[in-house]
There are 2 protein chains.
Amino acid sequence: MALCYQATPPFKLNSASTNWSSRTPLSLRCNLSVPSPKTLAVEPQPVFTSVRSFAPATVANLGPGFDFLGCAVDGLGDYVSLRVDPHVHPGEISISDITGVGNSSKKLSKNPLWNCAGIAAISVMKMLSIRSVGLSLSLEKGLPLGSGLGSSAASAAAAAVAVNEIFGGLLSVSDLVLAGLESESKVSGYHADNVAPAIMGGFVLIRSYDPLELMRLKFPSEKDLFFVLVNPEFEAPTKKMRAALPQEITMSHHVWNCSQAGALVASVLQGDLEGLGKALSSDKIVEPRRAPLIPGMEAVKKAAIGAGAFGCTISGAGPTAVAITDNEDKGREIGDRMVEAFMDVGKLKAVASVRKLDRLGARLVSSIPR
Amino acid sequence: MALCYQATPPFKLNSASTNWSSRTPLSLRCNLSVPSPKTLAVEPQPVFTSVRSFAPATVANLGPGFDFLGCAVDGLGDYVSLRVDPHVHPGEISISDITGVGNSSKKLSKNPLWNCAGIAAISVMKMLSIRSVGLSLSLEKGLPLGSGLGSSAASAAAAAVAVNEIFGGLLSVSDLVLAGLESESKVSGYHADNVAPAIMGGFVLIRSYDPLELMRLKFPSEKDLFFVLVNPEFEAPTKKMRAALPQEITMSHHVWNCSQAGALVASVLQGDLEGLGKALSSDKIVEPRRAPLIPGMEAVKKAAIGAGAFGCTISGAGPTAVAITDNEDKGREIGDRMVEAFMDVGKLKAVASVRKLDRLGARLVSSIPR
């Protein structure tokens, strides 16, 4: 773990109601090149006996934002319940339960060293110099594994926030993202485009990793943005999805995608949904290689646009398809057409949900004071 | 020439005082795929006997904005004087004079078909269906040729605006950009990243060419932005500069430059000069190949940053170096250090100037009514 500093004044996760999205422009920098971990000089004591946190699902890549842009979606995500547990060895954490959708509880390890929530929790405990308190963690998966909705990042984000909050919320957002990144690097690769928006909410641009620099892109608060998420019953072949990426890119495709990425960022900041949708749909580098690996995806995209979506692409590495619109009812119609296309063309059952942009990111949902 | 339509309500160049930068978000679309030129059904009559127009210098590329981003700089540019001339064959244009810096008058053709101002003027005359009036044009070059400051684009922009205005300003901004693009494509390549900001002012992102879509990126009006432009006595070998571009780009460099382009756009819109400078300096694809071809450029960049510039890169294809700062006096200091570095390391004489962002673009500076 790394020494962190912030470009902005210290900025902490103090309560569930903290509205980070009101603070812009925000740029966080964490110097990953410093090898020694940041740890507090004085071990804090717990301020709660237990807390419950939530972290939202995230849509990474966003078409031309491949590997550096992601955003959080509301009402879908993972919960972590964390309590001070005298039966757990001081300075350690135990995972007591994993429950939730699909077969998460079977697939995920309860060994905290091999669990994304556990790794992030341990990282935060190290930063806080926790040596005299043991913790017990319960993970409720609201997100299916391997869906392309940042399942591992949501678990890591919820755990990082829970541990930080139970000890009084002393760490900064950038510390928490670093803890989440440590988890992501072990379970799904060294990328922050899910875990940063899972923690920070809204749209986040990963500007660099060394040092870690994150830019919050504030979508105007007065505008509505709905994501239509359509998750087919299909396991995206992760290795194939990675292998499908081109090694080399032509200059013309590079310039095209770069300009679309710029347009995407401008559209987010200006709240221009039409522009955002168009940019989302415009990737000429990654989506054309990955879409054919998800049965029906190309037809699903066409169906979404045909039904009035502003744009559509693959969420993360898939298989979830994501479309955007400005109206919830319209979102449902778009979702129905996308589900049909997955069935008609891809022969895949799929489930649609319509979600708002999550502007808060990971937060406490309840707590019991000591 | 092509049929154009606009995403926004008709938006015309009506007077020199029109402040376009107050109209955002702006997105213009022109369908280049329609083969027949747009021409007015009824030929307009001149509303002035003569006009004088100005179009600013432009900085294209802006580091990671290679080939799709440019901005205009104030107080440096080309002038066009245009008058109704009964001695010129109706429907035609004659170039009477070319004056100005360096050896422009010797190097530039007075044949309007081979002159960037002439080509743009003819294009606008065609759009306006001018058949019964002859025009005489005089070009005053304020910009040296081949400097990397959009010299040809400034001439084209000034000419396009002058012709449009002498007939009452009937064409849209997108029409004028198309006229400028026709000129650019004949003299320096099919790219709009100089001519669009020369016409529109401020920062402009070229989103696509077919159809042509331009996004104005509004830099906050309350913020100051100064460009330090340092032009060495060196002719950038255009062919070499083009040949230096990589044919293929690695995925990691692509993702890096894309994220920096996104950060650049966000920094412009948020008026974040530090972020803008950092993005400007961050190109890993084009600048590393081109800088070594301009003697001293790498040292000049270091000198600029060392003197407190927020960022520095090559303007256009060079050889001008551009740095940014928020203070005019500081800009002069930075310029002095850059000039020294060009001399010390590159053995090149250079001239520095400090210029504000031009927010207006091409405009009339005087006119004589009929």
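Residues numbered from 1 in each chain as written. Chains lettered and ligands numbered in written order. Predicted model: local features only at pLDDT ≥ 70, side-chain atom pairs only at ≥ 80, totals over all residues. Heavy atoms only, no water.

Draft legend 1. Layout of the UniProt feature "domain: GHMP kinase C-terminal" (unreviewed entry) in chain A. Per the UniProt record, "domain: GHMP kinase C-terminal" (unreviewed entry) is annotated on residues 266-341 of chain A. Secondary structure across residues 266-341 of chain A divides into 54% helix and 12% strand, with the first and last C-alpha atoms of the span separated by 31 Å. (UniProt positions renumbered as here; feature names shortened; annotations may be inferred. Helix = DSSP H or I, 4+ residues; strand = E, 2+ residues; numbered from the N terminus.)

Draft legend 2. The UniProt feature "domain: GHMP kinase N-terminal" (unreviewed entry) in chain A, seen in detail. As recorded in UniProt, the feature "domain: GHMP kinase N-terminal" (unreviewed entry) lies at residues 126-202 of chain A. Annotation note: span residues 126-202 of chain A, helix share 51%, strand share 9%, distance between end C-alpha atoms 28 Å.

Draft legend 3. Expanded view of the interface of chain B and chain A. Taken together, the contacts link 42 residues of chain B with 42 residues of chain A. Summing both sides of the interface, chain B and chain A together bury roughly 3300 Å²; the carbon and sulfur share of this comes to 63%. A per-residue breakdown of the area chain B buries against chain A is headed by Arg 207, Met 251 and Gln 270 of chain B, which together make up 20% of the total. Our count for the contact surface shared by chain B and chain A stands at 2 salt bridges. (Contact = heavy atoms within 4.5 Å. Buried area = accessible area lost by both parts, 1.4 Å probe. Salt bridge = Lys/Arg side-chain N within 4 Å of Asp/Glu carboxyl O.)

Draft legend 4. Here's a closer look at the pattern of salt bridges. All names here are of chain B. By the definition in use, this model includes 26 salt bridges over all chains. For Lys 356, the salt bridge is made with Asp 224, and the minimal N-O distance between the two is 3.8 Å. One end of the pair, Lys 356, is in strand E13 (residues 350-356); the other, Asp 224, is in the loop between strand E8 (212-217) and strand E9 (226-232), and 132 residues separate them in sequence. You can call Lys 356 partly exposed: its relative accessible area is 40%. Here Asp 224 falls in the partly exposed class, since its relative accessible area comes to 40%. With a shortest N-O distance of 3.4 Å, Arg 332 and Glu 328 are connected by a salt bridge. With Arg 332 and Glu 328 both in helix H11 (residues 328-346), this residue pair falls 4 residues apart, about one helical turn. (Buried < 20%, exposed > 50% of the residue type's maximum accessible area, 1.4 Å probe, protein only.)

Draft legend 5. Broad picture of helix H7 (residues 251-270) of chain B. Residues and elements named next belong to chain B. End to end, H7 covers 28 Å across 20 residues, agreeing with the expected 28 Å (1.5 Å per residue, within 8%). With respect to burial, H7 is a largely interior element, 17 of its 20 residues being buried. Trailing H7 by a residue or two, Gly 271 shows a phi angle of about 65 degrees, which is positive. (Expected span 1.5 Å × (residues − 1).)

Draft legend 6. Region of interest: the relation of the copies chain B and chain A. Aligned on chain A, chain B shows an RMSD of 0.0 Å; the corresponding rotation is 180 degrees and the shift along the axis is 0.0 Å. Those values place the two copies in the arrangement expected of a two-fold rotation axis. With an isologous cut-off of 70% or more, the 100% of interface residues of chain B that recur at the interface of chain A puts this contact in the isologous class. (Least-squares fit on C-alpha atoms with pLDDT ≥ 70 in both.)

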